[in-house]
Amino acid sequence: APEYMTYAAAPMQYTAPVQYVTADPIQYGAPITSAPMVYSSAPVQYSTAPMVYTSAPVQYAAPGTAVDAFAQLDTNGDGILSREEFAAGMR
């Protein structure tokens, strides 16, 4: 007769659950009070007036005098920068 093998583990035997003892809660820092918090100074009042600029905006170059770096490198004006154009511009 063939011999049968059982691959399952033997049933587990459990013990009674561990009983934990609850201790009194630990209090850290100052005791909890129900009094409202009092600040030492009054809150800051900010102005609601809009900011007014007294000088004209700064311009770093006269209009129309700025030269586009790409336009300088693109010597044939086709809108594509070839390796030769780039190399010539880097000399």
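Below or above, wherever it landed, is the structure these notes cover. (Residues numbered from 1 in each chain as written. Predicted model: local features only at pLDDT ≥ 70, side-chain atom pairs only at ≥ 80, totals over all residues. Heavy atoms only, no water.)

Overview of the overall build of the chain
In terms of helices and strands, the chain carries 2 helices and 0 strands. Overall, the chain is about 95 × 80 × 25 Å in size when its C-alpha atoms are taken along their principal axes. Scored against the burial criterion, the 91 residues of the chain give a buried share of 3%. Of the roughly 10,100 Å² of accessible surface on the chain, a fraction of 61% belongs to carbon and sulfur atoms. (Helix = DSSP H or I, 4+ residues; strand = E, 2+ residues; numbered from the N terminus. Buried < 20%, exposed > 50% of the residue type's maximum accessible area, 1.4 Å probe, protein only. Areas by Shrake-Rupley, 256 points an atom, 1.4 Å probe, with all protein chains shown as cover.)

Overview of the side chain of D74
Structurally, D74 is set in the loop between α1 (69-73) and α2 (83-89). The side chain of D74 is buried and forms no salt bridge, while R83, the nearest opposite charge, is found at 14 Å. Those residues in contact with D74, other than ones at most four positions away along the chain, are G79, I80, L81 and E85. (Lys, Arg positive; Asp, Glu negative; His and termini not counted. Salt bridge = Lys/Arg side-chain N within 4 Å of Asp/Glu carboxyl O. Contact = heavy atoms within 4.5 Å.)

Examining the side chain of E85
Relative to the helices and strands, E85 resides in helix α2. Within the buried core, E85 has no salt-bridge partner, and the shortest N-O distance to an opposite charge, that of R83, equals 11 Å. At a separation of 3.3 Å, a polar atom in the side chain of E85 contacts the main-chain amide nitrogen of T75. At 3.0 Å, the side chain of E85 forms a polar contact with the backbone nitrogen of S82. Apart from residues no more than four positions distant in its own chain, E85 is found in contact with L73, D74, T75, N76 and I80. (Polar contact = N/O pair within 3.5 Å; in protein donor to acceptor, adjacent residues only side chain to side chain.)

Some thoughts on the environment of Y39
For Y39, the location among the structural elements is in the segment before α1. For Y39, a relative accessible area of 66% corresponds to the exposed category. Residues Y39 and T15 lie 24 residues apart in sequence; the distance between their C-alpha atoms is 58 Å.

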